[in-house]
Amino acid sequence: MSGAAKGSWPRRVLVLGGTSEIGLAILAAMRLAPGCEVMLAGRDQRRLAAAGENLPCTVVTLHYDATEPAGHVKLADAVFSAGRVDLVIAAAGVLVGQDVLAGDPARAGTLVQTNLTGQVTVLLAIAERMRAQASGTIVLLSSVAAVRPRRANFVYGAAKAGLDAFGRGLADSLHGSGVRVLLVRPGFVVGRMTQGLSPAPMSTTPGQVGAAVAAALAGRARVVWVPPGLRPLSVGLRLIPRPLWRRLRR
Ligand SMILES: NC(=O)c1ccc[n+]([C@@H]2O[C@H](COP(=O)([O-])OP(=O)(O)OC[C@H]3O[C@@H](n4cnc5c(N)ncnc54)[C@H](OP(=O)(O)O)[C@@H]3O)[C@@H](O)[C@H]2O)c1
């Protein structure tokens, strides 16, 4: 909890992808103190306002579209010019089946922009402003899909692998600055994003991810797997021989 007393932390929070079920579950699990400010940034101001209705804080909605990088520095300037930011949760993302993307490469490009490049542009701007204030935490939603590309999901996996690498590099570049990056690697989360898909083994819920992230934020972890059993499993996933791996159907 860089740069702030534990009881009052965090005072100002920015959620990129402010309607995200996981992002909102993290806020719920953190039991924010009255008097805090939550900035929900996303594409649809009406749904963002509705998402903030039950928060115990002042809620502000802001425009953030990951596919419109020209506005990202301006967004960071607007947020930081109003005061210090304690916590940024980068929760924007889309999941589209590989079967759909195979016939629609432009949509695959949009998925990569949303899940990777549109986060790189905004988070680099945010990271420099946090470095200047010498405090702050960035929570980055990676995925177990980053561990190894699966033929059934490889564009999403490639974007998450890029995001995961970006998050680790960003954390190292901020080492010693007072700014912390927490990388979150959930497995299959039963919710809006995975609606219509049958749950994979070790599935969780947005509430479970929220609780795990809130607990990690209270400690010193740099990476959190949800559920924790995915961490040892990920070692095994990397070791499966490729002829077997490519036969996985999902
Ligand atoms: N659910 C899972 O199984 C799972 C597993 C591992 C990792 N994750 C990751 O966790 C994060 C949150 O997922 P979730 O389960 O909370 O999904 P969700 O409820 O569908 O939330 C996704 C968020 O991304 C936003 N978004 C989509 N396209 C955007 C764009 N172009 N610009 C800005 N925002 C955009 C959505 O906004 P709109 O309301 O405008 O659509 C929504 O706020 C994602 O990065 C996801 O990849 C999810």
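See above for the structure.
It should be emphasised that the depicted structure is a prediction, and the values quoted were computed from it without experimental measurement. (Residues numbered from 1 in each chain as written. Predicted model: local features only at pLDDT ≥ 70, side-chain atom pairs only at ≥ 80, totals over all residues. Heavy atoms only, no water.)

1. Some details on the overall build of the protein chain
Moving on, step 1. Each helix and strand in the protein chain was counted, giving 9 helices and 7 strands.
Moving on, step 2. What you see for the protein chain is a C-alpha radius of gyration of 18 Å, in line with the 18 Å of a compact globule of 250 residues.
Moving on, step 3. With respect to the three principal axes, the spread of C-alpha positions in the protein chain is 55 × 35 × 35 Å.
Moving on, step 4. In the protein chain, 68% of the contacts between residues at least 6 apart in sequence involve partners at least 24 apart.
Moving on, step 5. Of the roughly 12000 Å² that the protein chain leaves accessible, carbon and sulfur atoms contribute 57%.
Moving on, step 6. Considering the protein chain, the positive charge centre built from 29 side chains and the negative charge centre built from 13 side chains are found 11 Å apart. (Helix = DSSP H or I, 4+ residues; strand = E, 2+ residues; numbered from the N terminus. Rg over C-alpha atoms; globule rule 2.2 N^0.38 Å. Contact = heavy atoms within 4.5 Å. Areas by Shrake-Rupley, 256 points an atom, 1.4 Å probe, with all protein chains shown as cover. Lys, Arg positive; Asp, Glu negative; His and termini not counted. Charge placed at Lys NZ, Arg CZ, Asp CG, Glu CD.)

2. Description of the site of the ligand
Moving on, step 1. Looking at the ligand, there are 28 residues lining it, with Thr19, Ser20, Arg47, Tyr156 and Arg192 nearest.
Moving on, step 2. One nitrogen or oxygen atom from the side chain of arginine 43 is found 2.8 Å from an oxygen atom belonging to the ligand.
Moving on, step 3. Here the ligand has 890 Å² of accessible area as a free molecule, and 93% of this is covered by the chains.
Moving on, step 4. Put simply, the parts of the chain that give the shell around the ligand at least two residues each are α1 (21-30) and α6 (154-173).
Moving on, step 5. Class assignment for the residues of the shell around the ligand results in 12 nonpolar, 10 polar and 6 charged. (Near = heavy atom within 4 Å. Polar contact = N/O pair within 3.5 Å; in protein donor to acceptor, adjacent residues only side chain to side chain. Nonpolar A, V, L, I, M, F, W, Y, C, P; charged D, E, K, R; others polar.)

3. A closer look at the side chain of serine 20
Moving on, step 1. With respect to the helices and strands, the residue serine 20 is situated in the loop between β1 (12-16) and α1.
Moving on, step 2. Among the polar contacts made by the side chain of serine 20, one reaches the main-chain amide nitrogen of isoleucine 22 at a distance of 3.2 Å.
Moving on, step 3. From its side chain, serine 20 meets the backbone nitrogen of glycine 23 in a polar contact 2.8 Å long.
Moving on, step 4. Contacts of serine 20, omitting those with residues within four sequence positions, involve Ala91 and Arg192.

4. Quick notes on the packing of α1 against helix α7 (residues 206-218)
Moving on, step 1. Here α1 crosses α7 at 55 degrees, and the two axes come no closer than 7 Å. The angle between α1 and α7 places the two elements in the oblique class. Judged by the sense of rotation from one axis to the other, the crossing of α1 with α7 is right-handed. Residues Glu21, Ile22, Ala25, Ile26, Ala29 and Met30 of α1 pack against Pro206, Gly207, Val209, Gly210, Ala211, Val213, Ala214 and Leu217 of α7.
Moving on, step 2. Split by residue class, the contact of α1 with α7 holds 11 nonpolar, 2 polar and 1 charged. (Axes fitted to C-alpha atoms, helices over the stretch in contact; angles between N-to-C directions. Parallel < 35°, antiparallel > 145°, perpendicular 65-115°, else oblique. Left-handed = near helix turned anticlockwise from the far one by under 90°.)

5. Details of the environment of arginine 12
Moving on, step 1. Mapped onto the fold, arginine 12 is located in strand β1.
Moving on, step 2. A relative accessible area of 10% means that arginine 12 is categorised as buried.
Moving on, step 3. Sequence-wise, arginine 12 and leucine 141 are 129 residues apart; in three dimensions their C-alpha atoms are separated by 19 Å.
Moving on, step 4. Beyond its immediate chain neighbours, meaning those up to four positions away, arginine 12 contacts Glu37, Met39, Val79, Ala82, Gly83, Arg84, Val85, Asp86 and Leu87.
Moving on, step 5. Here the side chain of arginine 12 touches valine 79 through a polar contact of 3.2 Å, landing on its backbone oxygen. (Buried < 20%, exposed > 50% of the residue type's maximum accessible area, 1.4 Å probe, protein only.)

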